[in-house]
Amino acid sequence: MCGIVGAVSERDVQGILLEGLRRLEYRGYDSAGMAVIDGGSVTHRAREVGKVASLAEAIEANPLTGHLGIAHTRWATHGEPSQINAHPHMSGDRLAIVHNGIIENYQELRDELKTDGFEFTSQTDTEVVAHLIEQYYRKHNNLYDAVKAAIARLRGAYALAVVHADEPDHLVVCREGSPLVIGVGIGENFIASDQLALLPVTDRFMFLEEGDIATSVGTR
Ligand code: HGA
């Protein structure tokens, strides 16, 4: 079972995300990854096959510094366990997404997006969602609206957390058939697939309901 953690905060989020992933390790996973948007609105990503400890080592060598980020532990359903299939998935170099669940109509969406010029680097159903959101972002120029438009096209189960370097205060999340919780802090907000991941940073939670979509706005 996969795990999702995300944070938008006045402080650096890398340590919060790593600790959240460690707390989700008990669920089982094959790879782990993180994407963080830095102060210059650049999206940085690290992904490793194996343990969260391997990801922690990679990040120690090359820190992902920033106030907005998402992280994931993956249990493969579409595509082998590998670095290129590990989450977060990106569309271009600015949009990043983590996903729990399965997109049933991913193949038809993949074919459509390929025709529209998107290039795929993984075998996952998740990368389809990344490109679909990017396609709608180009139209709406707003991440919340782009996610809303994209999920209307999805069949299946998902919890999603999405960030875009053009909107460095916005963490957009949604759920359908897979759990997601928002953790409320002071000057910061968090999201996770299991509140256990967020206990070191908050004890105030809002549980998303089926079909909910939310945007968390930082105070920077
Ligand atoms: N379908 C995605 C996420 C898998 C998942 O949620 N596993 O529990 C993938 O294969 O990467």
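These numbers were taken from a predicted model, which means no experiment stands behind them. (Residues numbered from 1 in each chain as written. Predicted model: local features only at pLDDT ≥ 70, side-chain atom pairs only at ≥ 80, totals over all residues. Heavy atoms only, no water.)

The strand order S5-S6-S7-S8-S12 describes an open sheet built from 5 strands, whose pairing is antiparallel. If you trace the sheet from one side to the other, it starts and ends with strand S5 (89–91) and strand S12 (213–217), each paired once. The sheet shows a mean angle of 20° between the axes of neighbouring strands, taken without regard to direction. Pairing of S5 with strand S6 (residues 95–103) involves 3 bridges; the strand directions are antiparallel. Following the sheet pairing, Ser 91 is matched in S6 by Leu 95. (Pairing = 2+ DSSP bridges. Helix = DSSP H or I, 4+ residues; strand = E, 2+ residues; numbered from the N terminus. Axes fitted to C-alpha atoms, helices over the stretch in contact; angles between N-to-C directions.)

For the rest of this paragraph, the subject is helix H3 (residues 106–115). Of all the positions in H3, only Leu 109, Arg 110 and Leu 113 are classed as buried. The buried residues of H3 all sit within an arc of 105° when viewed along its axis, so they share a single face. At its buried positions, H3 is contacted by helix H4 (126–140). At the C-terminal side of H3, Gly 117 shows a positive phi close to 105°. (Buried < 20%, exposed > 50% of the residue type's maximum accessible area, 1.4 Å probe, protein only. Arc of directions from axis to C-beta. Contact = heavy atoms within 4.5 Å.)

Attention shifts here to the site of the ligand. As a matter of local geometry, the ligand sits amid 13 residues, with Cys 2, Arg 74, Thr 77, His 87 and Gly 101 nearest to it. Backbone polar atom of His 78 to an oxygen atom of the ligand: 3.0 Å apart, as the coordinates give it. A distance of 2.7 Å is found between an oxygen atom of the ligand and a backbone nitrogen or oxygen belonging to Gly 101. Its free accessible area being 320 Å², the ligand has 94% of it covered by the protein chains. (Near = heavy atom within 4 Å. Polar contact = N/O pair within 3.5 Å; in protein donor to acceptor, adjacent residues only side chain to side chain. Areas by Shrake-Rupley, 256 points an atom, 1.4 Å probe, with all protein chains shown as cover.)

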